[in-house]
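So you can see what is in the structure, the chains are spelled out below.
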Amino acid sequence: MDNRALRELVRDSRSIVFFGGAGTSTESGIPDFRSSTGLFRTAHGTSHPPEVMLSRDFFDRYPSEFYRFYKEKMIHRAALPNDGHKALADLEAAGKLKALITQNIDGLHQLAGSRNVLELHGSVHRNFCTVCEQSYTLGDLLALEGPVPKCLSCGGTVKPDVVLYQEPLHTGVFNRAEEAVSQADMLIVAGTSLSVYPAAGLIRYFSGRTLLLINKSETKYDSFATHIVNDSFSAVMTRLTEPERG
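Residues numbered from 1 in each chain as written. Predicted model: local features only at pLDDT ≥ 70, side-chain atom pairs only at ≥ 80, totals over all residues. Heavy atoms only, no water.

- The name given to the chain in an unreviewed UniProt entry is NAD-dependent protein deacetylase, with the source organism recorded as Paenibacillus oceani.
- Comment text from UniProt for the chain, heading Catalytic activity (unreviewed entry), reads "N(6)-acetyl-L-lysyl-[protein] + NAD(+) + H2O = 2''-O-acetyl-ADP-D-ribose + nicotinamide + L-lysyl-[protein]".
- The record in UniProt for the chain states the following under Subcellular location (unreviewed entry): "Cytoplasm". (UniProt positions renumbered as here; feature names shortened; annotations may be inferred.)

## Topic: the sheet that holds strand β4 (residues 122-129)
Here is step 1 of the chain: With antiparallel pairing, three strands are arranged side by side in an open sheet as β5-β4-β6. In this open sheet, the two edge strands, each paired with only one partner strand, are β5 (135-137) and β6 (158-162). Each adjacent strand pair in this sheet contributes to an overall mean axis angle of 35 degrees, direction not counted.
Here is step 2 of the chain: For β4 and β6, the ladder comprises five bridges, and the chain directions are antiparallel. Each bridged residue has a counterpart across the sheet, and for N127 the counterpart in β6 is P160.
Here is step 3 of the chain: Each of β4 and β6 is contacted by helix α4 (residues 63-73), which is oriented at about 45 degrees to β6, the strand it contacts most. (Pairing = 2+ DSSP bridges. Helix = DSSP H or I, 4+ residues; strand = E, 2+ residues; numbered from the N terminus. Axes fitted to C-alpha atoms, helices over the stretch in contact; angles between N-to-C directions. Contact = heavy atoms within 4.5 Å.)

## Focus on unusual backbone geometry
Here is step 1 of the chain: With a phi angle near 85 degrees, Q166 is a residue other than glycine that sits in the positive phi range.
Here is step 2 of the chain: Structurally, Q166 is set in the loop between β6 and α8 (171-183).
Here is step 3 of the chain: The backbone of L194 sits at a positive phi, close to 55 degrees, despite the residue not being glycine.
Here is step 4 of the chain: Among the structural elements, L194 can be located in the loop between β7 (186-190) and β8 (210-214).

## Digging into the sheet that holds β7
Here is step 1 of the chain: The six strands lie next to each other as β3-β2-β1-β7-β8-β9, forming an open sheet whose pairing is parallel. Strands at the two margins of the open sheet, each flanked by one partner only, are β3 (117-119) and β9 (227-229). Ignoring strand direction, the axes of neighbouring strands in this sheet form an average angle of 15 degrees.
Here is step 2 of the chain: Note that strand β1 (residues 16-20) and strand β2 (residues 97-102) share five bridges and pair parallel. Each bridged residue has a counterpart across the sheet, and for I16 the counterpart in β2 is L97.
Here is step 3 of the chain: Contacts from helix α5 (residues 83-93) reach β1 and β2 within the one sheet, and its direction differs from that of β2 by about 145 degrees.
Here is step 4 of the chain: Against the sheet, helix α9 (residues 233-240) makes contact with β1, β7, β8 and β9, and its axis sits at roughly 140 degrees relative to β8, the strand it touches most.

## Focus: the packing of α5 against α9
Here is step 1 of the chain: In contact at an axis separation of 7 Å, α5 and α9 are set at 30 degrees when each is read in the N-to-C sense. Taken together, the axes of α5 and α9 are roughly parallel relative to one another. Read as a crossing pair, α5 and α9 show a hand that is left-handed. Where α5 approaches α9, its residues D83, G84, H85, A87, L88 and L91 are matched on the opposing element by F233, S234, M237 and T238. (Parallel < 35°, antiparallel > 145°, perpendicular 65-115°, else oblique. Left-handed = near helix turned anticlockwise from the far one by under 90°.)

Okay, structure coming up:
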């Protein structure tokens, strides 16, 4: 699609919802999971695959190994929002974007200025004691001594507020995401393979006019889209929002 056609999609929409995955943060230097250079395909320095190390069973049984991997591979404190993140914040400020749904845990959408962010898989920036539920910021977590962070109040193990394999999504967040998608007249899906459920199933709740799918490779939901752009997230979002960004 040319720039004019993309801008017309936004101009003609009153209630836009964005749904994004790991591909929205790769341009900020954060690896995705399933691409040729993703976390699941690269050397990880352990005898366990990433999906095992990021499971609840592994966290409970081998917390020190979990945290070694988690701190090395899942926390990217130096990462900054890219132009796509900023474009979405501008789209929200202009009153067009009603909700931003993300599978990411990096907090870059909020850092870019987005407010109505629904984090399906939680956030590295929130952590809690598994015993007394005392909350800890990311900075607090990293400051705790020892290979396994322990609560300063009760000594319990501190867990990141991220959804691990074998854990359900936060029901309230997912329900809000369902409602937002069902009420949108335009749904923008970007940077996701649409292969992780139940998050990928959100697309089935959309009954609006325009479904724009932005991804560098094909997805199993391409046939559902009204428009497909095989390009980078930030490039397309910048083109989409040029009028709002001036």
